[in-house]
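A structural walkthrough
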Amino acid sequence: NMQVYTFPPGASVPWHTHFDAHELDYELEGTLTLQIDGQGSKPLKRGEAVYVAPNVVHRGLNLSRTQPAKIVVVRVKPKDRPLTTEVQP
């Protein structure tokens, strides 16, 4: 599965996980802050990538008040698992 997401200024996604899925995030534009439960935050700037291991609870936030953040996400997951499951950190 491959998707491109655009986060308007101030936008975020809730805490979630991808059961048994490997995720690779690559920042296309702007800066997206990736928060990983128990590990803190990592800003992803244009041209940077990060790997999110299976079952890790995380979320993305665009902390900019003016610039959108655009990211391409590649996930490798079992066909019988949902793409995303919201959870509490």
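Everything discussed here concerns the structure shown above.
Fair warning: this is a prediction, and the values are worked out from it, not measured in the lab.

Cut-offs applied
- Residues numbered from 1 in each chain as written.
- Predicted model: local features only at pLDDT ≥ 70, side-chain atom pairs only at ≥ 80, totals over all residues.
- Heavy atoms only, no water.
- Helix = DSSP H or I, 4+ residues; strand = E, 2+ residues; numbered from the N terminus.
- Rg over C-alpha atoms; globule rule 2.2 N^0.38 Å.
- Buried < 20%, exposed > 50% of the residue type's maximum accessible area, 1.4 Å probe, protein only.
- Areas by Shrake-Rupley, 256 points an atom, 1.4 Å probe, with all protein chains shown as cover.
- Lys, Arg positive; Asp, Glu negative; His and termini not counted.
- Charge placed at Lys NZ, Arg CZ, Asp CG, Glu CD.
- Pairing = 2+ DSSP bridges.
- Axes fitted to C-alpha atoms, helices over the stretch in contact; angles between N-to-C directions.
- Contact = heavy atoms within 4.5 Å.
- Patch = residues over 30% accessible without salt bridge, like charges linked within 9 Å, V, L, I, M, F, W, Y side chains within 5 Å.
- Salt bridge = Lys/Arg side-chain N within 4 Å of Asp/Glu carboxyl O.

From N to C terminus, the protein includes zero helices and nine strands. What you see in the protein, going N to C, is helices and strands ordered as β-β-β-β-β-β-β-β-β. What you see for the protein is a C-alpha radius of gyration of 12 Å, in line with the 12 Å of a compact globule of 89 residues. Along the three orthogonal principal directions, the C-alpha set of the protein runs to about 40 × 25 × 20 Å. Here the protein, with 89 residues, has 31% of them falling under the buried criterion. Of the accessible surface of the protein, which amounts to about 5400 Å², a share of 54% is contributed by carbon and sulfur atoms. In the protein, the 10 positive side-chain charges and the 9 negative ones have mean positions that sit 4 Å from each other.

Strand order in the open sheet made by the four strands is S1-S8-S3-S6, with antiparallel pairing throughout. Whereas interior strands pair on both sides, the edge strands pair on one side only; in this sheet they are strand S1 (2-7) and strand S6 (49-52). Between one strand and the next, the sheet's axes are offset by a mean angle of 25°, whatever the strand orientation. With seven bridges connecting them, strand S3 (residues 22-29) and strand S8 (residues 69-76) associate as antiparallel partners. Paired with Glu 27 across the two strands is Ile 71, which belongs to S8.

Here the focus is unusual backbone geometry. Positive phi outside glycine occurs at Asp 20, with the angle close to 60°. Checked against the element boundaries, Asp 20 lands in the loop between strand S2 (16-17) and S3. Look at Asp 20 and you get partly exposed, because its relative accessible area is 36%. The phi dihedral of Asn 55 is positive, around 70°, even though this residue is not glycine. The topology assignment puts Asn 55 in the loop between S6 and strand S7 (58-61).

Residue position: Val 50 is located in strand S6. Setting aside its immediate chain neighbours within four residues, Val 50 contacts Glu 23, Leu 24, Asp 25, Leu 34, Lys 42 and Leu 44.

Where nonpolar side chains cluster on the molecular surface, the patch consists of Met 2, Leu 24, Tyr 51, Val 74 and Val 76 and spans about 500 Å² of accessible area. Relative to the assigned elements, Val 76 resides in strand S8.

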